[in-house]
Amino acid sequence: MNTDHTIVNLIKTPGSKVSHFSMILGFGSRDERRTEQGASHLFEHMVMRQYHDKLRLIESVGGRFSAFTGYETIEFHCSVPSRYWRAIVEFLAELISVSNFDHGQVKSEVSIILDEIESSGLSSQEQFLSKFFAGHPLGRSIFGTPDTVSAIMGFQLREFVSSHIATAPIALSVAGDIDIDEIGAICKVSFEKLVHPTFRKQRRHPFKFKAAFSIDESDPESDTVETILGVIVPGRFTPGYWAFILVYTLIGSDFLPESVSFGLRSKFSIYKAYTEHIEFEELGVLFIYFESSRALCDKAIEEMKQRFHTLSEGFTQEQLSRAKAQLIGQIQIGLDDIEETNVRVAFDLINFGHPLEVETIVNQIDQVTVNKVNELCRQYLDWKNVCLLKTS
């Protein structure tokens, strides 16, 4: 159901002894101004701090609660025995009814985040993104910087959160043995203070791709080198999205002959090689990561040049059919996991305003032609578009 404030989806599973909740806020680190870097992640921390007693109660009945800050969303997920579902809906509504953040508690939590930043540093992927999205919010660390996080005051955090909650979409999906009419009434009352004019807003900082790069920041004294290759691919709202997902199914598998990791492991015995796909609204990034000795990494880069040449020539109908069968099978198997399904539905709500029917997704996948896949491969999987970073 859609209300003035949020988009709610309810999945009734009669007889289920567990209820699952996923609430997605449609803003994240991408929406921060330069002086606000780290505010979204700090908000996530403050939720865990301010509601510590309630989170302990959830844990005491065998439930679990988790939170995650991303570039475009902040997520809250909870699973509890079904008899507690009313309390959780009211808790989630309270969680986003921002009133105030105690300045002392904010500063205490900032000190924890500063320790996180110091101890973890930037991962190789974050280092890559800082160059790939140079000058853009997607190139900044979700943690923020020590200077920006330290400067955030309690009232500033409140203003940041309340302004985005007032304008960004909010999605709530609940699955379990629930009373749909009752939970609908509770949601209407609990969330009535929030007003959302649209389910998806235009981002303040659209991204324009810059020239490809090749940067070596590895330690000359280290024999072990981490290498990341990255290339722009279709985003979740880009035509050709499902065609790319089929390509990724082939090259991202651990065991198929077309896969990158299988080829690197079998040819060079590179023990750590994988692919990853990160989605944003208007674009995605395909990562290919491998870690090994400097000599083997250099050989693997040459191999990837040849592999990209092959990929740009496209795939056969037989390969496409295999990818379709694998992808559709993964989607259908996922339906048996009600918690996973509930999370997927929440993201559908935040992105599209309604849950995507599995039959519709399967039909879209079935309609992808080999010509469309090969056109996409020629457009995106060209070595001259690849960005490369070596680190230690």
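Model, not experiment: these values are computed from the prediction.

**Description of the pattern of salt bridges**
Evaluated as defined, the whole model comprises 16 salt bridges. In this structure, Lys131 and Glu217 form a salt bridge, with 3.2 Å as the shortest nitrogen-oxygen distance. Pair noted here: Lys131 is in helix α5 (residues 124-132) and Glu217 is in the loop between β6 (214-216) and β7 (224-234), with a separation of 86 residues, a long-range link. Judged by relative accessible area, which is 22%, Lys131 ranks as partly exposed. For Glu217, a relative accessible area of 40% puts it in the partly exposed group. Asp382 serves as the salt-bridge partner of Lys384, at 2.7 Å between the closest nitrogen and oxygen.

**Thoughts on the state of the cysteines**
All chains considered together, the criterion is met by 0 disulfides. No disulfide involves Cys297; its nearest neighbouring cysteine sulfur is the one of Cys387, lying 18 Å away.

**Topic: the sheet that holds strand β8 (residues 272-279)**
Spatially, the 5 strands line up as an open sheet ordered β6-β10-β7-β9-β8, and their pairing is mixed. On the outer flanks of this sheet lie β6 and β8, each paired with one strand and no other. Each strand axis lies, on average, 15° off the axis of its neighbour in the sheet, ignoring direction. Looking at chain direction, β7 and strand β9 (residues 283-293) are connected through 11 bridges and run antiparallel. Bridge assignment links Gly230 to a residue of β9, and that residue is Phe287. Helix-sheet contacts for helix α11 (residues 294-312) involve β6, β7, β9 and β10 (387-391), and the interaxial angle to β9 is about 145°.

**A short note on the side chain of His277**
In this structure, His277 sits in strand β8. Residue classification places His277 among the buried residues on the basis of a relative accessible area of 17%. Each residue touching His277, except ones within four places of it in the same chain, is listed here: Val233, Pro234, Tyr241, Phe244, Ile245, Tyr248, Gly284 and Val285.

**Digging into the side chain of Ser312**
Within the fold, Ser312 resides in helix α11. Within the structure, the side chain of Ser312 is placed 2.7 Å from the backbone oxygen of His309, a separation counted as a polar contact. Setting aside residues no more than four positions away along its own chain, Ser312 makes contact with Asn374, Cys377, Arg378 and Leu381.

**With respect to the sheet that holds strand β3 (residues 64-69)**
Pairing is mixed in the open sheet, where 5 strands are placed in the order β1-β5-β2-β4-β3. With partners counted over all chains shown, the strands left at the sheet margins are β1 (7-12) and β3, one partner each. The sheet shows a mean angle of 10° between the axes of neighbouring strands, taken without regard to direction. Alignment of strand β2 (residues 18-25) against strand β4 (residues 74-81), held across 8 bridges, turns out to be antiparallel.

**Here's the deal with the packing of aromatic side chains**
Applying the stated criterion across every chain yields a total of 17 aromatic pairs. Between Phe43 and Phe101 the ring centres are 6.2 Å apart and the planes differ by 75°, which places this aromatic pair in the edge-to-face class. On the criterion of sequence distance, the pair formed by Phe43 in helix α1 (residues 39-50) and Phe101 in the loop between α3 (85-95) and α4 (103-120) is long-range, its members being 58 residues apart. Ring plane angle 45° and centroid distance 5.8 Å describe the contact between Phe128 and Phe213, whose orientation is recorded as tilted. Placement of Phe128 in helix α5 and of Phe213 in the loop between α8 (180-190) and β6 is noted, with a sequence separation of 85 residues between them. For Phe213, a relative accessible area of 17% gives the class buried. Each member of the aromatic cluster is reached from another via a ring pair, and the members are Tyr71, Phe128, Phe132, Phe133, Phe213, Phe280 and Phe287.

**A look at the pairing of β10**
Burial runs high along β10: 5 of the 5 residues are buried. Where burial is concerned, the two faces of β10 agree: the one with Cys387, Leu389 and Thr391 and the one with Leu388 and Lys390 are both buried. Of the strand pairs in this sheet, β7 and β10 are connected by 5 bridges, and their pairing is antiparallel. Counted as the bridge partner of Leu229 is Leu388 from β10.

**A look at the environment of Asn374**
As for its placement among the helices and strands, Asn374 is situated in helix α15 (residues 370-380). Taking C-alpha positions, Asn374 is 25 Å from Glu359, a pair spaced 15 residues apart along the chain. Once residues within four sequence positions are removed from consideration, Asn374 is found in contact with Ser312, Glu313, Gly314 and Phe315.

**Observations concerning α5**
Among the residues making up α5, those that are buried are Ser124, Glu126, Phe128, Leu129 and Phe132. Contacts from the buried residues of α5 go to β7, β9 and β10.

**Some details on the pairing of β2**
The buried count for β2 comes to 7 of 8 residues, which makes it a mostly enclosed element. In this structure, β2 lies alongside strand β5 (residues 170-176), joined through 6 bridges in antiparallel fashion. Bridge assignment links Phe21 to a residue of β5, and that residue is Val174.

**So, the environment of Ile328**
Secondary-structure assignment places Ile328 in helix α12 (residues 317-334). On the basis of relative accessibility, which here comes to 12%, the residue Ile328 falls in the buried class. For the pair Ile328 and Val368, spaced 40 residues apart in sequence, the C-alpha to C-alpha distance is 13 Å. If near-sequence neighbours (up to four positions away) are discounted, Ile328 is found in contact with Val362, Ile365 and Asp366.

Reading the values: the criteria
- Residues numbered from 1 in each chain as written.
- Predicted model: local features only at pLDDT ≥ 70, side-chain atom pairs only at ≥ 80, totals over all residues.
- Heavy atoms only, no water.
- Salt bridge = Lys/Arg side-chain N within 4 Å of Asp/Glu carboxyl O.
- Helix = DSSP H or I, 4+ residues; strand = E, 2+ residues; numbered from the N terminus.
- Buried < 20%, exposed > 50% of the residue type's maximum accessible area, 1.4 Å probe, protein only.
- Disulfide = S-S within 2.5 Å.
- Pairing = 2+ DSSP bridges.
- Axes fitted to C-alpha atoms, helices over the stretch in contact; angles between N-to-C directions.
- Contact = heavy atoms within 4.5 Å.
- Polar contact = N/O pair within 3.5 Å; in protein donor to acceptor, adjacent residues only side chain to side chain.
- Phe/Tyr/Trp six-rings, centres within 6.5 Å; stacked < 30°, edge-to-face > 60°.

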